[in-house]
Amino acid sequence: MMALLLRDLRLAVRAGGGFGLALAFFLALVTLVAFGTGPEGGLLARIAPGILWVGALLASLLSLDRIFALDWEDGALDLIATSPLPLEGVAAVKALAHWLTTGLPLSLAAPLLGVLLHLPGPAQGWLALSLLAGTPALSAIGTFGAALTVGVRRGGLLLSLLVLPLYVPSLVFGADCVRRAAEGMAPVTPFLLLAGITLGAAALLPFASAAALRAALR
Amino acid sequence: MSLWEYANPTKFMETSGKLLPWAASAAGLTLAAGLGWGFFLTPEDFRQGASVKVLYVHVPTAMMAINAWLMMLVASLVWLVRRHHVSALAAKAAGPVGATMTLCALVTGALWGAPVWGSWWEWDPRLTSFLVLFLFYLGYMALWAAIENPDTAADMTAILCLVGSVFAVLSRYAANFWSQGMHQGASLSLAPGERMDAAFRYPLYLCMAGFVLLFVALVLLRTRTEIRLRRLAAIEARERMA
Amino acid sequence: MMTAPALSVAALAVARGGIVVLHGLDFALSPGEALVLHGPNGIGKTSLLRTLAGLAPPAAGRIDAAPDSLAYAGHLDGMKGTLTVAENLRFWARAYGAAGIDGALAAMDLRPLADRPAGGLSAGQKRRLGLARLLVTGRPVWLLDEPTVSLDAASLALLAAVLGAHLRQGGSVLAASHADLGLAGARAFDLAPFRAGGAAAGRFGEAFA
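Note that this is a predicted model, so its numbers are computed, not measured.

Criteria and thresholds
Residues numbered from 1 in each chain as written. Chains lettered and ligands numbered in written order. Predicted model: local features only at pLDDT ≥ 70, side-chain atom pairs only at ≥ 80, totals over all residues. Heavy atoms only, no water. Helix = DSSP H or I, 4+ residues; strand = E, 2+ residues; numbered from the N terminus. Rg over C-alpha atoms; globule rule 2.2 N^0.38 Å. Buried < 20%, exposed > 50% of the residue type's maximum accessible area, 1.4 Å probe, protein only. Contact = heavy atoms within 4.5 Å. Areas by Shrake-Rupley, 256 points an atom, 1.4 Å probe, with all protein chains shown as cover. Pairing = 2+ DSSP bridges. Axes fitted to C-alpha atoms, helices over the stretch in contact; angles between N-to-C directions. Buried area = accessible area lost by both parts, 1.4 Å probe. Salt bridge = Lys/Arg side-chain N within 4 Å of Asp/Glu carboxyl O. Polar contact = N/O pair within 3.5 Å; in protein donor to acceptor, adjacent residues only side chain to side chain. Nonpolar A, V, L, I, M, F, W, Y, C, P; charged D, E, K, R; others polar. Core = buried A, V, L, I, M, F, W, Y, C linked by side-chain atoms within 4.5 Å. Patch = residues over 30% accessible without salt bridge, like charges linked within 9 Å, V, L, I, M, F, W, Y side chains within 5 Å. 1 Å grid on protein atoms, 1.4 Å probe; cavity = no way out; pocket = protein on both sides within 12 Å on 5 of 7 lines; lining within 4 Å. Points joined across faces, edges and corners; volume = space filled by probe spheres on them.

Some details on the overall build of chain C
On a plain count of helices and strands, chain C comes out with 5 helices and 8 strands. Compactness check: chain C gives a C-alpha radius of gyration of 18 Å against a globular reference of 17 Å for 209 residues, within 12% of the reference. Seen along its three principal axes, the alpha-carbon backbone of chain C occupies a region of about 60 × 45 × 35 Å. Here chain C holds 209 residues, and the buried ones make up 54% of them. For chain C, the share of sequence-separated contacts (at least 6 apart) that also reach a separation of at least 24 residues comes to 71%. Summing over all exposed atoms, chain C offers an accessible surface of approximately 8,700 Å²; the carbon and sulfur share of this is 55%.

And the structure:
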């Protein structure tokens, strides 16, 4: 399992900008939103929680189709499936590798972008915390979507259609957590709900992903 | 004789062939009666005027939008557990019907909302949940269409349906959390005092029965088509092999 | 003399895309034995190998093999171009719980290439890397799908030598191949008599009877 994680991380880094690409996209998106809405600070501050969460969600969507498609194309997925590695574990590790290369750097960089969007001070910490707690679910859900579409040629668009509705609960609770923090209300309730979704997704979705992979390889 | 015998395609084709004309005509009659009664023979609402009559399409289609997904969920489970092809094909057949029902509920809701709320669309939890449900239907149908191998497609869509159901419930809960909403509560409550007047209620029941029958007839018809398509594919495959 | 077969199948039927392509397969593979599957393109050699490897369920019949005894190698070698030869092999060695990769590198004459990215290898070198992966699995029964594709004469000889050594150590090989593998004792197995009429697999087939 550890070997697979190291391999995937190494691949992500060598593929060029494994860590940087999602971050650059996140930055570009936030910049474009500011251009789209106009520079008024009050408005930006008000919509910042939603923008930052939607931005993180779209950035993590970018590299989803590579999770299994590359291993599928070069035959590695066949070989992994016939190896002693359990597919449930493979799916979990793939999700973890995806999170380490997208969700984690996004969470750490988000407060910087929060400053750009005039997000109030106390909300900065909650922004990072909520992304840390919420983006693992995005990776787990995305891995599941990637497993569903693994044999589909040019499945990227389909993958987005399947995955985005599944992101709704995480987005609602995550953005609400930051909004409450920004407005001086207690952000703990949505934060706990967000963490609950992440725990549930991380615990159960690898099984669904493995079932989908088995069906795809058949 | 066990229920599972109907899972045999031949047996299903036989039974559904007999059932379909009855289901279709019952649906037609019930809908004509229910909608006719509702549109022409009920009083107008003292606040909403004639626009209340959207009710007779809006409520049954909204109900069927959810019931169709539940039916797909059950059929998907049957496919995953017992590998009955008819079950998978019935789930596939229900997808577009359910999506249409959801779209009808959304459109009639907009038509109703425009005069009553003064806007075509409100970001209300109920409305939003239906929009998310519609996206689930679209994803489900797109996944069926994208995968070539029919058994793989059946597996993938069934897994998606299971996971999607969990997330649909979560989304509904999240939407409640996210906005209080202005949609009225349940239209058909058992609590006294909240019930709508009998003059509205009975034609509504009839319309609901009509839409259930319509759904049954459409799903039977589409499942029969899917089975015929599969037979055709099998015959073609056999000819290629020979 | 009777030795327990390393792999045996009985009344096996193999499906591809829900359609049965091969049926009534009965054969056994003893330790030290090589079996080469023959048959025209599309008869189901790959489907048979994938079924034996456990990727696809059999449409009917049974497959008997000791647990954790099979190693599968498909058309594609699954090697990552951006990883070095040694990194690729080390991953598979760890996945199979093997001790190290030195033996496999030496046997495949890959030591000088160990630190080169696998993407820069020639086709023959890549194939040697794929064979080295089989060595690190430590599994006795090799299922090989077209192992000779894109090999030059020297690599063919190396392949024959590796397979021969594997057989001498009590391993077995089941290969689908159009070309001669260069194995003296290999048994040929023609799949043509087992071609199925294309009936749909499973219960759905009953509807077409």
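Overview of the pairing of strand β5 (residues 70-73) of chain C
All names here are of chain C. Neither face of β5 is left uncovered, since the one carrying Leu70 and Tyr72 and the one carrying Ala71 and Ala73 both have all their residues buried. In this sheet, strand β6 (residues 141-145) lies alongside β5 in parallel orientation, the contact comprising 4 bridges. Within β6, the position partnered with Ala71 by the bridge is Trp142.

Section: the sheet that holds strand β4 (residues 60-65) of chain C
Residues and elements named next belong to chain C. As summarised here, the arrangement of the 3 strands in space is β2-β1-β4, forming an open sheet in which the pairing is antiparallel. The open sheet has two free edges, formed respectively by β2 (19-29) and β4, since each of these has just one partner strand. Between one strand axis and the next, the sheet turns by 30 degrees as a mean value, whatever way the strands run. Here strand β1 (residues 7-16) runs beside β4; their pairing, made up of 5 bridges, is antiparallel. Residue pairing across strands places Ser8 opposite Asp64, the latter belonging to β4. The sheet strands contacting helix α1 (residues 45-53) are β1, β2 and β4, and the helix crosses β1 at an angle near 120 degrees.

Regarding the interface of chain C and chain A
Facing 24 residues of chain C, the contacting portion of chain A comprises 24 residues. Overall, the association of chain C and chain A removes approximately 2,100 Å² of surface from exposure, summing both partners, and the carbon and sulfur fraction of that is 63%. When the buried area of chain C at its contact with chain A is split by residue, Leu55(C), Lys80(C) and Phe91(C) rank highest and sum to 28% of it. At the surface where chain C touches chain A, the tally comes to 5 salt bridges. The residue Arg10(A) makes a salt bridge to Glu87(C) at a minimum N-O spacing of 3.5 Å. Scanning the region where chain C abuts chain A turns up 7 residue pairs in polar contact (both at pLDDT 80 or more). Going through the elements one at a time, α1, β5 and α2 (85-95) of chain C are the ones with two or more residues in the side of chain C that touches chain A. Ranked by the residues each element gives to the side of chain C that touches chain A, the list is headed by α2(C), at 5 residues. Looking at side-chain class alone, the side of chain C that touches chain A contains 13 nonpolar, 4 polar and 7 charged residues.

A word on the environment of Leu193(A)
Tracing the sequence through the fold places Leu193(A) in helix α10 (residues 188-217). Residues Leu193(A) and Val172(A), 21 residues apart in the sequence, show an inter-C-alpha distance of 10.0 Å. Ignoring anything within four residues of it in the chain, the contact list for Leu193(A) reads Phe173(A), Tyr173(B) and Phe177(B).

Considerations on the sheet that holds strand β3 (residues 34-38) of chain C
All names here are of chain C. Here we have 5 strands laid out as an open sheet, ordered β5-β6-β7-β3-β8, and parallel in their pairing. The sheet is open, and its two edges are formed by β5 and β8 (187-190), each paired on a single side. Neighbour to neighbour, the strand axes of the sheet diverge by 20 degrees on average, direction disregarded. Contacts from α1 reach β3, β5, β6 and β7 (172-176) within the one sheet, and its direction differs from that of β6 by about 150 degrees. Packing of helix α5 (residues 153-168) onto the sheet brings it into contact with β3, β6 and β7, and relative to β7 it is tilted by some 140 degrees.

Points about the nonpolar core
Residues Leu25(C), Leu48(C), Leu143(C) and Leu174(C) are the most contacted members of the largest nonpolar core, which totals 176 residues. Each residue touching Leu143(C), except ones within four places of it in the same chain, is listed here: Leu7(C), Leu49(C), Leu52(C), Ala53(C), Leu70(C), Ala71(C), Tyr72(C), Ala73(C) and Leu174(C). Counting residues in hydrophobic clusters, the runner-up holds 10 residues, among them Val54(B), Tyr56(B), Trp112(B) and Phe200(B).

A few points about the interface of chain A and chain B
If you look at the interface, chain A gives 29 residues, while chain B gives 26 residues. Summed over both sides, the interface between chain A and chain B buries roughly 2,200 Å², with carbon and sulfur atoms accounting for 82% of that surface. The interface formed by chain A and chain B holds 2 salt bridges in total. Among the ionic pairs, Arg153(A) bridges to Glu148(B), the shortest N-O distance being 3.6 Å. Put simply, chain A and chain B have 1 residue pair in polar contact (both at pLDDT 80 or more) between them. Of all the secondary-structure elements, those providing two or more residues to the side of chain A that touches chain B are α7 (121-148), α8 (156-166), α9 (168-182) and α10 of chain A. Ranked by residue count, the leading element in the side of chain A that touches chain B is α10(A), at 10 residues.

Looking at a nonpolar patch on the surface
Residues and elements named next belong to chain B. Side chains of Trp37, Phe39, Phe40, Leu41, Tyr202 and Tyr205 sit close together on the surface and give an oily, nonpolar patch of about 670 Å² of accessible area. Those elements that place two or more of their residues in the nonpolar patch are α1 (9-40) and α6 (198-241). For the nonpolar patch, the element with the highest residue contribution is α1, accounting for 3 residues. With respect to the helices, strands and loops of the structure, Trp37 is situated in helix α1.

Overview of empty space enclosed by the protein
Residues and elements named next belong to chain C. Scanning the entire structure with this criterion turns up 2 cavities of 30 Å³ or more. In this structure, the largest cavity occupies an estimated 110 Å³ of space. In terms of lining residues, the largest cavity is bounded by 13 residues, among which Ala73, Gly74, Arg127, Gly130 and Leu131 are the most central. Going through the elements one at a time, α4 (123-137) and β6 are the ones with two or more residues in the lining of the largest cavity. The biggest single contributor to the lining of the largest cavity is α4, with 5 residues.

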